[in-house]
Amino acid sequence: IKKKEDYEESKLIGEYPKIYRDKYIYDHDVAIVLVNDKIIHSFLSDHNIYVYNALSNDYDVYLLKSNFIDDFIGFDIEKYMEAKEVYKYYSEAPGYAKLLYDKYRDVFYRLALHPQEYDDGVMLKLYQDKKWSLIVTDRDFNIIGEQVFDPIVLDFDNILITEDGILIAYHEKNANYKKDY
């Protein structure tokens, strides 16, 4: 855990983490989870999560780094109108897509999208085709483990937490895929 006074790279409210100012990060997605009196932020391109305590008006910073993400890729803003460059960026850039809270087991899941090579022969290799993993933490954000999933088998965009466990839908490219609700 890093305390606010030891961590000057970011303010929780009103600013993105320092990496967004140092590199041009094309995607500014942030996952927000509300648990009791805490507001938890997970930025796409930051290894840390930010936990704001609404009662004390203070925050803590926790390192929840994937074993499969070393660094983040900046985007050349001069190329933002070139579709191929945008596709290349989304194909190659790693990041943290979701943060989920499991109230039944009192754990958190942070979804990590792994970097992949851009395939010039395939105009659009979707970011849904990336390998991905779930980082599992306890209630105090201590990492319990990280599980890797095959993107052709399971779809990280369709995860549901239930009393019986975590449900992950088959990816539509999987032979077992059925579109029934």
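Before any of the text, the structure's been laid out above.
Residues numbered from 1 in each chain as written. Predicted model: local features only at pLDDT ≥ 70, side-chain atom pairs only at ≥ 80, totals over all residues. Heavy atoms only, no water.

Some words on the pairing of strand 9 (residues 143-149)
Successive side chains on a regular strand alternate, one facing one side of the sheet and the next facing the other.
Next up, step 1: As judged from the six bridges shared by strand 8 (residues 132-137) and strand 9, these two strands associate in the antiparallel manner. Paired with S133 across the two strands is V148, which belongs to strand 9.
Next up, step 2: Counted between consecutive antiparallel strands, the loop separating strand 8 from strand 9 contains five residues, among which F141 sits at a positive phi close to 65°. (Pairing = 2+ DSSP bridges. Helix = DSSP H or I, 4+ residues; strand = E, 2+ residues; numbered from the N terminus.)

Digging into the packing of aromatic side chains
Next up, step 1: Enumeration according to the criterion identifies seven aromatic pairs in this entry.
Next up, step 2: Ring centres of Y62 and F141 lie 4.8 Å apart, and the angle between their planes is 45°; on these two criteria the pair is classed as tilted. With Y62 in strand 5 (residues 58-63) and F141 in the loop between strand 8 and strand 9, this pair connects stretches of sequence that are 79 residues apart. Pair check on accessibility: Y62 and F141 agree, each one buried.
Next up, step 3: Pairing W132 with F156 gives two aromatic rings, centres 6.0 Å apart and planes at 65°, and the pair type is edge-to-face. Residue W132 is located in strand 8, and its partner F156 is located in strand 10 (residues 154-162); the two are separated by 24 residues in the primary sequence. Take W132 and F156: they sit in the same class, and that class is buried.
Next up, step 4: Through pairs of rings, three or more aromatic residues link up here, namely Y62, Y101, F108 and F141.
Next up, step 5: Over the ring of Y96 we find R110; its NZ or CZ atom is 3.7 Å from the centre of that ring. (Phe/Tyr/Trp six-rings, centres within 6.5 Å; stacked < 30°, edge-to-face > 60°. Buried < 20%, exposed > 50% of the residue type's maximum accessible area, 1.4 Å probe, protein only. Lys NZ or Arg CZ within 6 Å of the ring centre and 35° of its normal.)

Let's talk about the environment of V35
Next up, step 1: Locating V35 in the fold gives a position in strand 2 (residues 30-35).
Next up, step 2: If we ignore the near neighbours within four places in the chain, the residues touching V35 are I40, Y101 and F108. (Contact = heavy atoms within 4.5 Å.)

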